[in-house]
Every structure is written in structure tokens, then in C-alpha cells.
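Summary of the model geometry
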Amino acid sequence: MRTIIDGNEAAASAAYRLNELCSIYPITPSSTMAELADEWSAQGRPNVYGMIPTVVEMQSEGGAAGALHGALQGGALSTTFTASQGLLLMIPNMYKIAGELTSTVFHVAARSLAAQGLSIYGDHQDVMAVRQTGFALLCSASPQEAHDLAAISQLATLTSRIPFVHFFDGFRTSHEVNVVDLLSDDQLRDLVPEELIRAHRRRALSPEHPYIRGTAQNPDTYFQSRETVNPFYAAVPGLVTEAMEKFAELTGRRYELVEYHGDPEAERVVVVMGSGAQTVVKTVDYLNAQGAKVGVVQLRLYRPFPVEQILAAIPATARVVAVLDRTKEPGSGGEPLFLDVTAALGEAAATGRRAMPLVVGGRYGLSSKEFTPGMVAGIFDELALPQPRPRFTIGINDDVTHTSLPYDPTLDIEDPATVSAVFYGLGSDGTVGANKNTIKIIGEVPGTYAQGYFVYDSKKSGSRTVSHLRFGPKPIEAPYLINSASFIACHAWSVLERVDVLEFARPGTVLLINTPYPIDEVFARLPEPMQAKIIDLGIELWAIDANLVARKAGMGRRTNTVLQTCFFAISKVLPAEQAIKQVKKAIRKTYARKGADVVAKNEAAVDASLADLHRIEVPAAPVGDQPMIPPVIGAASQFVSTVTASMLAGTGDQLPVSALPVDGTYPSGTTKYEKRNISDIIAEWDPEACIQCGNCAFVCPHAVLRAKYYAGSALDGAPECFQSAPLNAAGFPGSRYTLQVYAEDCTGCGLCVEACPVKPIGGGNRRAINLAPVLERTKEKENVAFFETIPVNRRSRVDFANVRGTQFLEPLFEFSGACSGCGETPYLKLLTQLFGGRATVANATGCSSIYGGNLPTTPWSSNKYGRGPAWSNSLFEDNAEFGLGLRLAADLHTETARRRLAELRPELGDATVDAILGAPQQYESELSQQRARVDALKALLDTMGGGPRVDDLRSVADHLLRRSVWIVGGDGWAYDIGSAGVDHVLASGRDVNILVMDTEVYSNTGGQASKSTPLGAVAKFASGGKMTGKKDVAMQAVSYGNVYVARVAMGADPQQTLKAFREAEAYDGPSLILAYSHCIAHGIDMRKGLDQQYRAVASGHWPLMRYNPVLRMSGRNPFLLDSPRPRIPLKEYHDKELRFRMLANSDPEAAERFLEFGQDAVNRRWAEYEEMATRGAERFAADATRSDR
Amino acid sequence: MNLRTTYLGLPLRNPLVASAGPLSQTVDGVKGLADGGVGAVVLYSLFEEQVRAQLEQAERDALLEEEHADLFAEATSYFPSVSAEPVETVAVKYLSLVEKASRAIDVPLIASLNGSSLGSWVQFARQLEEAGAAALELNIYFMPGDTSLAGPDVEQRHIDIVAAVKQNISIPVAVKLAPYFSSFGSFALRLVEAGADGVVLFNRFLQPDVDVERVEVVPGVELSNPSEARLPRTWIAALRHRLPVSIAATSGVETADDVVAYLLAGADVVMTTSALVRHGRDYSRVLLDGLDTWLTRKGFASVDSARGLLAVPADADAAGYQRAGYVTALEKAKSRYGSLVG
């Protein structure tokens, strides 16, 4: 069956239908395979043998591999889907599974590994890290192959008993949408007959014929036992070939382990594996047509390494062979495929079987770096030199060790019959979704082929997307981005002001612009460089105000249908009438279940679009001199203005190796240079109505609301429109107060409006802070610039104990690219306001590590003294341990410092030493005094002329100020993959602060259920509603007795949140804060996020509590219940969230049942908490290390 | 004892009717009410707003699912595709309940629509008739917040709804009303002229409460109490001999005495939800037994013979009658509390 899907779905379709069990865990870019399996299972789709596969989500990839190993030993046909570090977590089990000759296939969307930095993108580092496990490795090069080889590997693993990793390039193949011929159930069943499954089952553990497997072996037999499997490995190439032959008989599609393509007498040959092979094949054809004698060897089976097939594939005429590896093995003699090929050829040459060609090794395509025909041609050019470089890289500019080859980036070898279209959009405008839909529409036309690939930036709000679409009469085998487009669309004006959207334009390109300006002004409003390019290239310019059309059609901000219609109207990829008919058909299909109204509105939008689309007259010369908006605004360091700026401008590919840090260390505080202006509506302060309570600044997820108080005289020279009010506080006569909106950074999320308690009488829905259209940007900039000249209020003059006071503390986490209205970031911001100047932060991988540390910029910043949170992300699973390590190091250094300080008593004097050693360091005033003492000490040490003890003390003197260690992350980490680590670190008794920003779901990877997901919520991997309740992590921690625990929700009680943060940090022992974080994955109107926090608490779903061991030490009840008795039913909270409503729609009975159980659980837990809150202290564990019983 | 009663032309085994409320949400619920012994069941109300809200919710949900899709490389969506089936609308659900419940019980099932405008009620009323409803109760709950709307306009709006619905269906229609009309009797007569087969007195106006903590208005629904029966009872007594159609009493029934009081005032049937919610579906048996005992004790042979004994006589000046009662009441109060009227 011909269909249009991406590589993930292609692979999953075969894998799901050929297995009984999928043991899974989410990880980009493989998550989609697991999600689809879960959805199909929930829908009751059987596999080809007639049973519905079980899908089990585990707590980590290690867990998934363990469950899988068990299921295999139990005789079930089992599979998993993973990538990157996830695959690495499976390695211990992989050795076991292979050692026991167990049939299984792991489907891997191959991805980079986290080294100097994490990357979610594609290369072969992960699969190369398992090549030694005993698994066979089979590689697909396209979505079609991902489907076909998924099936072939299943047959081969069952016939050979060797487990397989079937992999394909992450993103490039996993996310490329293309035409795929799906195998029918009958074909799959014929390919993998049931007899093989029965044989697999017969090998399972059974008490009916018991034996033991998994023994411990001794020096006498381990070695020999390890050699027993050799015949099985030797048989694999033959068995895979047989499987491929059988597959060809069934489908007509023929594959080989190793395929040669090109001139039979080629002199120059490239060996390559993965999607890059398609690019090399096409380029070889192009070069040979120009008279070259070149060829390409494409590997599909990599392990067991098919030596004979490789030798047979490389023509004897080959003078030089370049082996390309999409991986990096620092310190090795060469990358793995290169070494393998070299060894094969060397052996053959040494035994006289063939002449030895020159073999060189090259690296390409790390982290989805483009691999284009131009690069392939560049490699062949190098091979033509008398002495090509023995090791090289392609696609980058390595100006340090000079490995990189030159190439011509403009080489275009595409079939002229192919239509290439590029679309620039914003993430929230539906451009990508509409394009996926367009591909389906066009791809369904017989004799037409379509391909789509989508590029995203690293922000979660206001993100840019670029869609690359190709259509044509022949199958599209071009796994690289378009570099010459016949159609370009820019769906958001703000994009064309910042990025050259005509980068891929050519003479006569049709350009569609979504404009907020009147049609006759469109051209004049374009940046001058763009105008010039339009004129020079004779570009055909069209424009529409799609936002207006969408609004008029009742579709709000969703412009996708409107712009999709325009594409069909002017691109001529299909006859317009036929296209419009198809668009409407697709609308009916997509929205049928949402009701007739939605369908009607979309259809009306289609008709309205055509009426409002206009061809723009292009003048002979540019009008005006409007420049592009630069990527970095304001004075920045050299690094930021060159390197960061280049990444922001989308030209990071051109940065040379020398420009980048060698160890992954980047400067803090760089989001402030972006000034993204992503929202047309922003917060607007009403100084008259404001009571200066600080609630808005407290909840602002993007730190764009800043408050200062200052002497009235500071207003001299203020811009006319600068806002100010008398300070509303006793004891400060004449002082003024300003709440400044950082207009260019505000995302218009509206949480501030919700948090504002002021409702001016007669003001309707108005508050003291409201959302309003952006005023003139220059005025906003002036106001912010002036505000920044007013000094930040001194910390010693701010009352930390209440929300009102915190607004005057400088946030050192600002302007993140998190979702507009994010529920997590306000907590991080608060952390930095309170403790940022002396904090180190260990951040688990997830949303927070992405908006916190995804290049180009970071929101973690520093104050005017250059101090601020030091931040690092280790991995997903180890964050608590990583943070504990930071604590241990700090404690060691503190210990060293104190010892050296005591030793230097004669030189430093008693007063200095005693003051520092005896200083209390709990409150801010004490800490600032200690900071002054340490600064003085350091100055003194600098005058002392060195010596081992002085130098030693100088190197660790900073640790005499108490360091605040924070371990932060989401629930996927704390409840699942990092659960054991969190538990262990809490049990360590060390002074660490763990902040769990609990969104009750894996937010970063797209909403998969965690053990925090509440009963009855629909999430990925819980599409029938989560069957089990949420884990009470607070009570787990309470059970230790010496752990400070708090459950907070700032939307319900900001004061309690503040109190908990301060107590947790002050507590000299482990602390755990569970912070309710509303999230887009809840399916809520994000403006109502705080209201939902309130409902979570008011319904008893999220009871606010603190457990403070300090109270126990003084004989008081440490368990404090901070929220009032539930006053709304759980249903009232559930009804406001799509995650619960979805089940009520799809399975009302189940929803009702879960709700009843949920309400019971709420009632029961509340009763327990109430009881605990009224107990005597003696009924709680005491801390043996520091108090009496 | 003969408790047989006629309401809206429908013969009932007794005058106790389960009014629209939470107990009739399911077939089993309706069956439980009928098994409890009531003479008829009014199904819970389908709200005009509910139907509209569901359509709007579906649209918002579609947006929520799409809003954050495809904007970030790691997450091209945030929700699984759960089901391709169209969502069962509340209207479809209601029709199906009417169909199943009317077949499951042996007493009349009265469907109930709650709204304040014509909307699509006419069409839907016909579907309810086809689904097997024995009668239709139109609950017109309208709070005229628009100060430009004059009293007669408000009344006309009610008349138009009743007329339009009556023209399209052949089953009887009762109208449930609020008491806040300047001349309720005249207005009730106009409703009869427009085709109403009965009136249900009264709709309770659910005044919202204020949450001082959140500084917010909170809608409040509470069960009725016996003191609330006085207003409807007064009007039933006044209109019994002046309205040529069925009159149903609703609000404030807690004991059999409350039922008797309504019947004495002239109600054809007495409705309750609050008592059944408080004491369970079978409580209707207690109320009916109490009614039976009272009739026997007082020597009545049937409920008909006691009905309307305390209604304002047909030949009395109703206004004068009420005024006299009012004056007497004040005199009584004066002797207990001192002067209340200045």
C-alpha cells in the first residue's frame, strides 16, 4: 500500500506488526516509533499473527532493555525503539541478549551522543558504540528502507538467533516524510512465518523443562564458551542475504548487504552507510555523466562485518577508496568503518587476493550536519589528487587541525522536473502541520512523489521553522536540504526582518509573503537587501494578510489553512481547482471529529484566502533603506557578537572550528542580547492602580517584569513616557517605584494579569497590569535603557520574607526561550533571585536543560559583580548524583579552606580567622557579611607573596562562603529515570536542594506519561488514560525523617512557595521541593496556568505541605499542611484540562471510573495528611546525627 | 386510596413527579425513580448553553492540540491520537437517553429543555418527540440583564418560544417559569393562549455567591428547603381557578405535608428533586404513603377531592384576597415582634 509517512512510522509499522511486546522509553528522535506502537495497541490493532502487542513503558532505557531481556527469555517476540544515550543504557543487557543468542531487533533512530554538548540530531555515534556487543547492525538509508529492513532484520534475527540493531539516520530518515510502499499483513506473515516464532518460544525458560541460563563462569571455560558462537556469526551475512532474497520475491524490492553503484571500472570509490548513500549515488551518476570514473559502495550490514561482500563490491580498478564515517572516535587511528574496510582490504592484499588501493577515512554529517552533492564532489576531487589527505572532514571549516576538504556548496544536481518549495514559519502558526498535509495531498496523486523535511530552531516559544518540500514525477531520493527553490513562502513577517529568506531563491522563484501591512505598502516595508534580491532575481512576489483572513474566518491566529491555499493557488504544483478540492477534503478528514463548525470555518477560510491574495508589483529599484534586524542587540563580548550572533542568524554552519570552545564551556547571560520581539501584545503596567505587591514579577516566566525603588531625583533625565509611582511603603518618603516591562522580551503570556490581585472598580476585566498591543518599539527601548541606569536595590535592604520583597531581587535567569507562560521557569527565576550569586545548578536533561542550555543562548546570567549561578547538565538519569558530586567537591574545598585558614592564623590574625570560621551563614545579612570577609581575605592573601599554604587557601577561599547546590529537573527525571538517584542522594544526608518542576508528564519529548502522571490523564504511552495513580514522592522523602520536603504551587500560594525555597536552602541537609508546573502538555489555555494551579490545590490533587526536620529537632510537629481542606471536587480541576477531557470524550465510562478513584485517593490522602499534621513530634523519625530522640 | 391524577392530559398513577435533576442522568437512574413509585419522571434538563458550549469546546480542543504541535524538533505533538470517532454530542446522548429510558419505565417520561432563546430548540423538540418523550417541559430561565429590554419584550420572548415549539410537535408542553413578572397571572394566560398545556411554578433563581478569598463570584446551587414552597404555593392558589391548564408545583418539598399543602393550594402534580437527592430515590414511597395516610385520616376518597380546597375561590377578588392575607400576617407579626412596617 502506497502511503506518505516518515521513517519512524515506516519502521514502527513493520516492527509493531511483527512483535508481541514493545518495551519502550521516550528519547528523541525515536520516540515517535514507541508512541505509534502505544497508540496502535490502545486502538486494538493486532499484529500479523492476530494478537494485540503489549506496549510497556519503563522507567529508563536500562529498564526497557531489562524488561525486554526478560520477555525474550520468556519467549515473547520483543522489540524496542531508542537512540543515543538511551541505546548506551541498554549496552549491559545487549551483551547478555547477544551472549545468549536471543532473537530480537532494536530499532534505532541513530543520534549523536552527549559529549562537549548534547545533540538530539542524527549521526552514527550511538550505534557505533554498540558495534562490539554482539548485535548485528543493519542500516537503512531512507524511509522506504526503514520499513523494508525492519522486516528483513526480523526474519534474519529469527533465522540466525543473532539479535539485530536496525538503524537509520535520526531526523534525516526518521523524520523525513516520503512516499513509502507499506507491506501488507499477508506479506509480512509470508516473510516471517510462524514456525520461526514457535522455535523462538521453544528456547524460552519453562519449569516444564527447566535449565539455568546466565551462569557465572570461571577461567576454565569462559573463554571457550565465548568462542562457541562463532558459527552463528559466520552464518549471518548469508542468512541476511537469504532474507533479502525472500523479501525481493515477495515485494519486488531488492536489497543487498553491500551494493556497488557507479562505473564498473571506477578509479575513485567512496564507501558509505546510511542516508548519505543516496546522496553519493546521485552525485556519482552526475559525475560519471561528466566523464568521471567514480563509484560508491553502500553498506547495509555492518555487523557482522561482511568482508567478502565488501571486497567483491570495491572494483579492482579502484586506485583510492574514501571510507566515510558519520561518527567521531577521538584518539583512534581512524573511525570504525574506515578501520574495518582498511583491515579487509589489507588482509586481502597481504594474501595476494587483490591489489591494495589507497584507503582514506573521512568524517561527515555529525549532528545532522548537511551532507550534499557538493560535498560528495569535493571528496571525489580530493581523491583525484596525487596524495589525498589520509584523514579528512567534509562539511565544516576545520581551521585548527585542517582536516576539512573544500567543496562547492552551490552544486545542484536535482532533476529539473522536481518542484522545490521552502516555507519559513513560526512554530505556533501551523506551517509545518499544513506542509505535512500538503505532502499528503500531492503524494496521493498517482504518479507523483513528494518529500518533506522540517528544520526547527532551539526555542519553544516564537520558534522559527523551515519546511523543505519536494514534489516530482520520480521517486525523490535527496536526503539533504533544498538549495535552490522554485517556490518560497514566508509565513511570518518577523522572520524576513531577521533572516535571509531568499537564501535559496533563483531567477523567477515565486515568493509568497504573509504581510501585516496593506498590499500597496508591502514592497516598501521589506528590508532593503531583500528588495534588491527580489529585483535582481526577477522574483514573482505575492502577498496576503493571512492573519486578517484567518481572524475574519473565526480561526484566530491559525493561518495554516489560508497560506496552504495560497501555495496551491500560485505554485501550480497541481491544477488549482483540483488542489482546492483536495485541501477541503483533507480539512474534512482532519477535523471531522472536532465537529461541523470547525470544518465549516476552515472551508470558509479556503474560499476567503483566494479573494485576498495579491500579486505585488515590483519596482525597478529598491525603496528606502531599511536594514535587516541584527541578531545581537546591544554591546556584547567579542564571542557573543561574532559566534553567538552567527548561530542566531542561522549561519552557524559557517563557523570555523577555531571559533568554538574546546570543552563545551559557554558564556552565561546571553538571552538578553536577542530581543526577540515575539509577541504583538505585551504586559502594560498601570502605576495608578498598582499596589506594588510583586505578584506579577513573581510569576513572570520570562523575567520581563522588573521592579526597583529609588530616590525621586533619580528620575532626572527620564524619557517622557517612563512610568513611575510613589513607593507604597512606610519609611521611604519621596521614594519612587517603577515596574518596568522589558517589552522586547515579553512573550505576552498573560500570567502577570492572572496573578494581579487588583481589580480597579469599574475597570471590567482590567487589572493593575494588563496585556496591550506593543507601543512604538523605540519608546519601549528607551524606557528599558533608562530603567537599567537605576541601580538594582541592595539585597540587604530588601525583605526576602515576602513576595513583595522578592520583586526587588535581580533575577539571574531571564528571557528564556521556554514556552510562553511556562509553569517551570518562575521557580528557577525565584531560585536565582534568592540564591543565584552563590549557586551551582545541576540540571537534568529535559525542558529545563533545553530552555536553559540549548545554544545559541542561555538565560542563566550574572549580576553586576559578575556572580551568578554556575550551571551544568550531565545526563538525564544521573542528575541527582551529579549534583551530589558538586556538593561533595564544595564540602572538600570548604574543609581545605577552613584547615588552611586555621594554619595561617599567625599570619592572618585571630580576628580575621575567627570571624570567618565562626560566622553564621543562614540569613542574607550574614551571608553578605561573610562575602565581605572572604573578599577581604582574598585581597589580603594576594599581598602575602604566595607560598603553598597561601596559594592553596587562595584557590579555595571562595568556598568559605556557603555554596548553594541545586539539583533541578522535571518529573521524568525525578519520578522515573533518576528516581533511584534522587532517593539515594536524599538519603545521603548532604546539604543539597532538589527542585522537581513537576509537569506530570515528559514535556520535552512531547508528553509521554511518567509515574507522576495522574490517574485518568491521557498522555502518550497512556492513550487510554493513565491506569495508575501518581506516586507520592513527598511521602517517600518524608519517611527518611531528615529530609526537608515541600510541595508548592505558586499559582495557589506564592508566599508558601517563597517560604519553602528559603527553608529548603537554609536547611543543612537534603531538601526536596516538588513544584507544580502547569504545561502545554496539559492542554490548557496557558494564560490560565495559575488558575489551574489554584484548582490543583483547591481540589486536593496537589495539597501544599512542608516537612521541616528543624521543627522535629526542637520537639515540634515537623509536618505542616499549608493548604485548606479541598473545597472543589476533583472533577472541576480535571474538566479544565484537555488531558482529562480527551478520555471523557473517547471513553466516558473509563473517565468517570478514574475520576471516582481519583476523588477517593484525594480524600484518603487528605485524611492521612490531616492526621499527620496533628500528630505529636514523637511520632516522626528524628535525625540520629543531630538531635535527641 | 385513589391517587390517580391527570397532568398535561397524561393519566398518572399519582401526583408525585420527579423533577429535572441529577437523578435522571442515566437509564438506570430514571428506572430507579419510576421504581420508587413516582407518577412521572421529568428528565434532567438539556441546556441550550451545554449544546453550544460543547461545539465551542470541541473547537478549542482542536486548537489546543494543534497549537503547540510541530514547533520544536523533539516534540512534534503533545497528545496521542486517541480516537478518530466523532465525539458523542450532549444532544445525541440526551436523545438516546430519552429513547432508552422511555422504553424502560411504565410511567410517562417528560423531556426537559433549558434555555432562554429560540435557538435550535424547535428542531430538537421534534427529535425528542420522535425519541419517545411523553411531554416536553420548557424551562425558560432568563435573566434580563439588558436594561434596554422592556417588560413586555421579555414576556414576548417567552410567548414566541412556546408558540414556535408548540407548532412543531404534538406532545403536550409545560412551561417552567420564574416568578418575576409584573402580572404573573395575565402572563400565564398568554402562555396558555400560545399553546402551553401546563405551567410549572417556579423555577428557582440560583443567585451566585461570592468567594471573598479569591475575590470572585461563584455560581452556587443548593437543594431547596420547605420555606421556598411558600411563593409557588401562593401563586398556585391564586391561579388554580383562573388557568385552564395543568399546574405543577415545584420547590421546597421535604415531607408529605409539603405535598399535601401544594395539592390543597391546587397543584395537579407536585415535583421534587431535593427530597429524593437528600433521602434517596425510594423516598418517594415515604411521601406517597404520607399522602395516602393524610387523605385517609381526613376522610378523602381521592386526591382529586382534596385538590384546590385552599385555592383562591374563582369568584373572589384575588388581589383583595392576597392583600387581606398580607394584612393579617402583618398583624400577627406585630404581636410577636413589634411593628415591622414603618
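Residues numbered from 1 in each chain as written. Chains lettered and ligands numbered in written order. Predicted model: local features only at pLDDT ≥ 70, side-chain atom pairs only at ≥ 80, totals over all residues. Heavy atoms only, no water.

**So, the overall build of chain B**
Basically, it comes down to this: Runs of E in the DSSP output that reach at least two residues are strands. Runs of H or I that reach at least four are helices, and both are numbered from the N terminus. The buried label goes to any residue with under 20% of its type's maximum accessible area, the exposed label to any with over 50%, and the partly exposed label to all in between, with areas taken from a 1.4 Å probe on protein chains only. A contact between two residues is defined here by any heavy atoms of the two lying within 4.5 Å. Methods summary: accessible areas were calculated by the Shrake-Rupley approach with a probe of 1.4 Å, and residue burial reflects only the protein chains presented. The charged-residue count follows a simple rule in which Lys and Arg add positive charge and Asp and Glu add negative charge, with His and chain termini not counted at all. To locate a charge, take atom NZ for lysine, CZ for arginine, CG for aspartate or CD for glutamate.
A count of helical and extended segments in chain B gives 12 helices and 12 strands. Judged by the C-alpha coordinates and their principal axes, chain B covers about 80 × 50 × 40 Å. Put simply, chain B has 342 residues, and 50% of those count as buried. The long-range fraction of contacts in chain B, counting pairs at least 24 apart against all pairs at least 6 apart in sequence, stands at 72%. Total accessible area on chain B stands at roughly 15900 Å², and carbon and sulfur atoms take up 54% of it. Of the side chains in chain B, 29 bear a positive and 42 a negative charge, and the two mean positions are spaced by 11 Å.

**Thoughts on the packing of helix H43 (residues 1138-1146) of chain A against helix H44 (residues 1148-1173) of chain A**
Helices that pack against each other are described as a pair by the angle of their axes relative to one another and the distance between those axes. Residue and element names in this part refer to chain A. Inclusion rule: Under this scheme, a helix contributes an axis fitted over its contacting stretch, all axes are lines through C-alpha atoms, and angles between N-to-C directions fall in the 0 to 180 degree range. The scheme is simple: roughly parallel for angles under 35 degrees, roughly antiparallel for over 145, roughly perpendicular for 65 to 115, oblique for anything else.
Across the interface, H43 lies against H44 with an axial gap of 5 Å and an inter-helix angle of 130 degrees. In this view, H43 runs oblique relative to H44, as classed from their interaxial angle. Here Leu1143, Ala1144, Asn1145 and Ser1146 of H43 come into contact with H44, specifically with Pro1148, Ala1150, Ala1151 and Phe1154.

**A short note on the interface of chain A and chain B**
In plain terms, the rule: Buried area, as used here, totals the accessible surface that two parts lose on assembly, with accessibility defined by a 1.4 Å probe and the loss added over both. Only one rule defines a salt bridge in this text: a Lys or Arg side-chain nitrogen within 4 Å of an Asp or Glu carboxyl oxygen. Definition of a polar contact: a pair of N or O atoms within 3.5 Å, with one able to donate and the other able to accept a hydrogen when the atoms are protein atoms, and with sequence-neighbouring residues admitted only if both atoms are side-chain atoms. Each residue gets one label: Ala, Val, Leu, Ile, Met, Phe, Trp, Tyr, Cys and Pro are nonpolar, Asp, Glu, Lys and Arg are charged, and the others, such as Gly, are polar.
Contacts between chain A and chain B engage 55 residues on the former and 36 residues on the latter. Here chain A packs against chain B, burying approximately 4100 Å² in sum over the two surfaces, 55% of which is carbon and sulfur. On inspection of chain A and its partner chain B, the count reaches 4 salt bridges. The partner of Glu66 of chain B in a salt bridge is Arg558 of chain A, with the nearest N and O atoms 2.8 Å apart. Across the chain A-chain B interface, the total number found is 9 residue pairs in polar contact (both at pLDDT 80 or more). For the side of chain A that touches chain B, the secondary structure elements donating two or more residues are helix H16 (431-443), helix H23 (596-611), helix H40 (1089-1098) and H43 of chain A. In terms of residues, the side of chain A that touches chain B owes the most to one element, H43 of chain A, which gives 6 residues. When the residues that make up the side of chain A that touches chain B are grouped by side-chain class, the tally is 17 nonpolar, 21 polar and 17 charged.

**With respect to the domain arrangement of chain B**
Quick reminder of the rule: These domain limits were set by an automatic method or by a database of domain assignments.
In terms of domain boundaries, chain B breaks down into domain 1 (5-311) and domain 2 (315-342). Its C-alpha centre places domain 1 of chain B at a distance of 33 Å from the equivalent point of domain 2 of chain B.

**Observations regarding a positive patch on the surface**
Residues and elements named next belong to chain A. Stated formally: Only residues above 30% relative accessible area that lack a salt bridge enter a patch, with like-charged residues linked at up to 9 Å and the nonpolar side chains Val, Leu, Ile, Met, Phe, Trp and Tyr linked at up to 5 Å.
On the surface, Lys440, Lys581, Lys585 and Lys589 cluster together into a positively charged patch. The element contributing the most residues to the positive patch is helix H22 (residues 576-591), with 3 residues. Mapped onto the fold, Lys440 is located in helix H16.

**Comments concerning a negative patch on the surface**
A surface patch of negative charge is lined by Asp1147, Glu1149, Glu1152, Glu1156 and Asp1160 of chain A. On the accessibility criterion, Glu1156 of chain A (47% relative accessible area) is partly exposed.

**Some points on the sheet that holds strand S9 (residues 258-262) of chain A**
Residues and elements named next belong to chain A. The cut-off we apply is this: In this description, strands pair whenever DSSP reports at least two bridges between them.
Taken together, 6 strands build an open sheet; the order of strands is S9-S11-S10-S13-S14-S15 and the sheet is mixed. Only two strands of the sheet have a single neighbouring strand rather than two, namely S9 and strand S15 (391-394). Between one strand axis and the next, the sheet turns by 25 degrees as a mean value, whatever way the strands run. Two elements, strand S10 (residues 268-273) and strand S13 (residues 320-325), share 4 bridges in a ladder whose sense is parallel.

**Thoughts on the pattern of salt bridges**
Where charged atoms from two side chains of opposite charge come close, those side chains can pair. All names here are of chain A. Under the definition given, this model contains 72 salt bridges over all chains. Residue Arg198 is joined to Glu195 by a salt bridge in which the shortest nitrogen-to-oxygen separation is 3.9 Å. In this pair, Arg198 and Glu195 both sit in helix H9 (residues 194-202), 3 residues apart, roughly one turn of the helix. The exposure class of Glu195 is partly exposed, given its relative accessible area of 42%. Between Arg1106 and Asp1122 there is a salt bridge; the shortest N-O distance is 2.7 Å. Taken together, the positions of Arg1106 in strand S34 (residues 1105-1107) and Asp1122 in the loop between strand S35 (1119-1121) and helix H42 (1130-1134) put the pair 16 residues apart, joining distant regions of the chain. It is possible to trace a salt-bridge network through shared partners that takes in Asp998, Glu1000, Lys1030, Glu1137 and Arg1139.

**Some thoughts on the environment of Ala729 of chain A**
Considering the arrangement of structural elements, one finds Ala729 of chain A in the loop between strand S25 (725-726) and strand S26 (735-741). Here the alpha-carbon distance between Ala729 of chain A and Gln692 of chain A, two residues 37 residues apart in the chain, equals 9.2 Å.

**Structural notes on helix H12 (residues 276-289) of chain A**
Residue and element names in this part refer to chain A. Using the following cut-off: What a helix should span is 1.5 Å times the count of its residues minus one.
Helix length check: H12, at 14 residues, gives a terminal C-alpha distance of 20 Å against a target of 20 Å (1.5 Å per residue), a fit within 8%. If you check which residues of H12 are buried, you get Gly276, Ala277, Gln278, Thr279, Val280, Val281, Thr283, Val284 and Leu287. Downstream of H12 by a residue or two, Gly291 has a phi angle that is positive, lying close to 100 degrees.

**Thoughts on the sheet that holds strand S29 (residues 870-872) of chain A**
All names here are of chain A. Read from one edge to the other, the open sheet built from 8 strands follows the order S29-S28-S30-S31-S33-S32-S34-S35, with strand pairing classed as mixed. Since the sheet does not close on itself, it has two edges, and those belong to S29 and S35, each with one partner. Shown here is a sheet whose adjacent strand axes are inclined to one another by a mean of 15 degrees, direction ignored. Bridging between strand S31 (residues 993-998) and strand S33 (residues 1071-1076) involves 6 bridges; their strand directions are parallel. In the sheet register, Asn993 faces S33, and the bridge partner there is Ser1071. Against the sheet, helix H29 (residues 825-835) touches strand S28 (839-843), strand S30 (964-970), S31, strand S32 (1044-1048) and S33, its axis set at about 175 degrees to S30. Contacting S30, S31, S32, S33 and S34, helix H39 (residues 1054-1066) runs over the sheet at an angle of about 160 degrees to S32.

**Examining the packing of aromatic side chains**
All names here are of chain A. Rules: Here a Phe, Tyr or Trp ring, Trp counted by its six-membered ring, pairs with any other such ring whose centre lies within 6.5 Å, and the pair is stacked when the planes are under 30 degrees apart, edge-to-face when over 60, and tilted otherwise.
On inspection of all chains with the given rule, the structure shows 39 aromatic pairs over all chains. When the centroid spacing of 5.0 Å and the interplanar angle of 75 degrees are considered together, the rings of Phe487 and Phe567 count as edge-to-face. Of this pair, Phe487 sits in strand S19 (residues 485-490) while Phe567 sits in helix H21 (residues 560-571); the two residues are 80 residues apart in sequence, bridging distant segments of the chain. The burial state of Phe487 is the same as that of Phe567; both residues are buried. Aromatic side chains Trp685 and Tyr737 sit 5.7 Å apart centroid to centroid with 65 degrees between the ring planes, which places their arrangement in the edge-to-face category. In this pair, Trp685 sits in strand S23 (residues 681-685) while Tyr737 sits in strand S26, placing the two residues 52 residues apart along the sequence.

**Describing helix H5 (residues 151-168) of chain B**
Its 18 residues give H5 of chain B an end-to-end C-alpha distance of 27 Å, which sits within 8% of 26 Å, the value for a rise of 1.5 Å per residue. Here the buried face of H5 of chain B lies against helix H4 (121-131), strand S6 (135-140), strand S7 (173-177) and helix H6 (184-194) of chain B.

**Topic: the confidence of the model for chain B**
Residues and elements named next belong to chain B. Quick note on the threshold: The pLDDT value tells you how sure the predictor is about a given residue, anywhere from 0 up to 100.
Summarising the model, chain B shows a mean pLDDT of 87, and 95% of its residues fall at 70 or more. Here helix H12 (residues 318-337) stands out as the least confident element of chain B, with mean pLDDT 74; strand S2 (residues 10-12) is the most confident, with 96. Per the prediction output, this complex has pTM 0.88; the corresponding ipTM is 0.92.

**Here's the deal with the environment of Ala73 of chain B**
By secondary structure assignment, the location of Ala73 of chain B is in the loop between helix H2 (48-67) and helix H3 (90-104). By relative accessible area, which is 2% here, Ala73 of chain B ends up buried. Aside from chain neighbours lying at most four places away, what touches Ala73 of chain B is Ile120, Tyr121, Phe171, His175 and Tyr456 of chain A.

**A closer look at unusual backbone geometry**
Residues and elements named next belong to chain A. The omega angle of the peptide bond from Arg303 to Pro304 is -10 degrees, so this bond is cis rather than trans. Of note, the bond from Leu855 into Pro856 is cis; its omega dihedral lies within 30 degrees of zero at 15 degrees. Mapping Pro856 onto the fold places it in the loop between helix H30 (847-853) and S29. Even without being glycine, Phe171 reaches a positive phi, approximately 65 degrees. Tracing the chain through its elements places Phe171 in the loop between strand S7 (164-169) and strand S8 (177-181).

**Comments concerning the side chain of Glu61 of chain A**
Residues and elements named next belong to chain A. Counting through the fold element by element, Glu61 comes out in helix H3 (residues 61-73). Among buried charged residues, Glu61 stands out as having no salt bridge; its nearest opposite-charge side chain is Arg111, 7.6 Å away. Excluding anything up to four places from it in sequence, Glu61 contacts Tyr25, Pro26, Ile27, Thr82, Gly86, Leu89, Met90 and Ile977.

**Regarding a nonpolar patch on the surface**
The grouping of Ile396, Val400 and Val657 of chain A at the surface amounts to a nonpolar patch, some 200 Å² of accessible area in total. Of note, Val657 of chain A is situated in the loop between helix H24 (638-648) and S23.

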